[in-house]
Amino acid sequence: MNLSATLERLCSLSTEAAEVVPATLYRKHPGLREAIGPRGVAACRTDIGYHIEYLCAALVAGHSTPFVEYANWLSLVLRSRQIRDDVLGESFSLLADFLAVNLQTDEAEAVAKIMADGRASLGSHPALPGISRLMPETLSSDAKSYLDSLLADDRKTAASSIIERQREGSSLVTLETRVIQPAMYEVGNLWQKNLISVAQEHLATAISQAVMAEAFSQAEFAEPNGHRALFANIEANHHALGLRMVADAFETSGWETRCLGTNVPSATIISQIDAMKPDLIGISASLPSQFVALSKLIEMVTAEFGQQRPFIMLGGLAINSMPGIAEHLRADISAADAEAACRIAAEFRPSKND
Ligand code: B12
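Residues numbered from 1 in each chain as written. Predicted model: local features only at pLDDT ≥ 70, side-chain atom pairs only at ≥ 80, totals over all residues. Heavy atoms only, no water.

### Topic: the overall build of the protein
This is how the line gets drawn: Only runs of H or I of at least four residues qualify as helices and only runs of E of at least two qualify as strands under DSSP, and these elements are numbered from the N terminus. Both definitions apply: the radius of gyration is a C-alpha atom measure, and the globule rule equals 2.2 Å times residues to the power 0.38. A 1.4 Å probe rolled over the protein chains alone gives each residue an accessible area, and that area as a share of the maximum for its type sets the label: buried under 20%, exposed over 50%, partly exposed in between. In this analysis, two residues are considered to be in contact whenever any of their non-hydrogen atoms come within 4.5 Å of each other. Each accessible area is a Shrake-Rupley result for a 1.4 Å probe, and residues are judged covered by the shown protein chains and nothing else. His is not counted, nor are the chain ends, whereas Lys and Arg count as positive and Asp and Glu as negative. Here the site of a charge means NZ on Lys, CZ on Arg, CG on Asp, or CD on Glu.
Across its full length, the protein carries 17 helices and 5 strands. For the protein, whose C-alpha radius of gyration is 22 Å, the value lies close to the compact-globule estimate of 20 Å for 354 residues. Along the longest, intermediate and shortest principal axes, the C-alpha atoms of the protein span 65 × 50 × 30 Å. Relative to its 354 residues, the protein shows a buried fraction of 49%. Expressed as a percentage of contacts within the protein between residues at least 6 apart in sequence, the contacts between residues at least 24 apart total 76%. Carbon together with sulfur atoms contributes 52% to the accessible area of the protein, which is approximately 16,800 Å² in total. If the 29 positive side-chain charges of the protein are averaged to one point and the 42 negative ones to another, these points end up 3 Å apart.

### A closer look at the domain arrangement of the protein
The condition that has to hold: Note that domain bounds follow an automatic or database assignment of domains. Accessible area that two parts lose when put together, evaluated with a 1.4 Å probe and summed over both, is termed the buried area. The term salt bridge refers to a side-chain nitrogen of Lys or Arg lying within 4 Å of a carboxyl oxygen of Asp or Glu. Polar contacts here mean pairs of N or O atoms no more than 3.5 Å apart (in protein, one a potential hydrogen donor and the other a potential acceptor; neighbouring residues in sequence count only if both atoms are side-chain atoms). Here the term charged refers only to Asp, Glu, Lys and Arg, the term nonpolar to Ala, Val, Leu, Ile, Met, Phe, Trp, Tyr, Cys and Pro, and the term polar to all other amino acids, Gly among them.
Assigned domains of the protein: these are domain 1 (3–127), domain 2 (131–217) and domain 3 (228–352). When each unit is reduced to the centre of its C-alpha atoms, the spacing between domain 2 and domain 3 is 24 Å. Taken together, the contact between domain 2 and domain 3 spans 18 residues of the former and 16 residues of the latter. Here domain 2 meets domain 3 over a buried area of about 1,400 Å², counting both sides, of which 70% is carbon and sulfur. Summed over the shared surface of domain 2 and domain 3, the result is 1 salt bridge. The interface formed by domain 2 and domain 3 holds 2 residue pairs in polar contact (both at pLDDT 80 or more) in total. Of all the secondary structure elements, the ones that give two or more residues to the side of domain 2 that touches domain 3 are helix H7 (129–134), helix H10 (172–192) and helix H11 (198–217). With 10 residues, the top contributor of residues to the side of domain 2 that touches domain 3 is H10. Considering only residue class, the side of domain 2 that touches domain 3 consists of 9 nonpolar, 6 polar and 3 charged.

### Some remarks on the state of the cysteines
Under the convention used in this document: Two cysteine sulfurs form a disulfide in these notes if their separation is within 2.5 Å.
The tally for this structure, following the rule as stated, stands at 0 disulfides. Between Cys 11, a cysteine without a disulfide, and Cys 56, which holds the nearest cysteine sulfur, the sulfur-to-sulfur distance is 4.2 Å. Here Cys 259 is not disulfide-linked; the sulfur of Cys 342 is the nearest cysteine sulfur, at 13 Å. Given a relative accessible area of 22%, Cys 259 falls into the partly exposed group.

Here it is as structure tokens:
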């Protein structure tokens, strides 16, 4: 099987699959379309696109885990919206049937096995084990109060609680990773369980961005260390805070830092490497469906800069949830959070000059 050709074929089938699979599902489950309403119908179409993206991620990773984790994440989202696992499992089988007639035999067999693993795991797998591993059992009292301010749309209190701790001596990066980050993870859990809206999720991010900018202006900076780092989210990653925290950690520890933000086209990352000549690039991926673009970017960087290429550091929720994936994608290093990223980069840096 030629992986790139298979991925392309799968992506090209996405639009048609998003029409065919739901239509068959509604025929088999009379009343389902009415029960989920127009928003549910639109979401169902989008979800078939996601099924295909996660199939691609599993093919790139070389095992079913990205799809299995996705299946269990989606199961929790749908159950909290009154859609049962058997309907989700059936959507996998119908997609497998559709792909069986539209892909080559070996490709269809590979994707059918991944979807069968996803279906078999429904209900038996903890949703987002990668995230649960990183989450403290309970939020610290600072993170809990910060979360309360986010949910109450109280930007003033959110900001003052962080600035006060900063004045008491906590560093910007400690506050970002140990107060703001766990509070934002909890925002995600609440959204997944349908306990808060997408609007509240956006609001929490907007407040945190403003708070982080204010805290950055009060931060202490180490002397410049003569090293440069470039940060960007891979294409289609719209999660801004994590990358910003990593860039803040590097900048406050003396690195010359440039942060391109979310959803950056790979060609732009290449041209920025050319312009800035960084020692390290840090790329963030939040969903396993972004592995395909990551893999392509690493190939492009290696082809363009050869031996002269900067270190490639990966991070983000998708990297954390899949141990070994950074090495599999041929990155040099990865780190679980902003504090660890800076520490690991500092340890790794000297070997570059050997
Ligand atoms: C806010 C949010 C959004 C906002 C983002 C707005 C913005 N401008 O940032 C919006 C609404 C756009 C959004 C969209 C989506 N989101 Co969202 N989102 C979140 C949420 C609640 C918080 C994200 C965040 O700020 N986290 C805090 C930061 C600090 O944590 P972090 O990203 O993990 O970063 C740390 C480390 O990972 C690491 N790191 C990060 N990047 C890098 C890079 C390098 C180089 C290194 C070394 C380390 C590193 O260091 C960081 C700091 O310590 C999360 C919940 C969660 N658990 O994160 C869900 C979450 C990530 N989203 C999720 C999903 C599914 C989506 C959507 C598909 C649908 C939706 N409505 O939620 C879309 C997809 C968008 C896309 N293609 O990117 C899921 C992902 C599930 C999964 N399968 O893994 C989560 C986990 C929610 C959930 N519990 O279901 N989201």
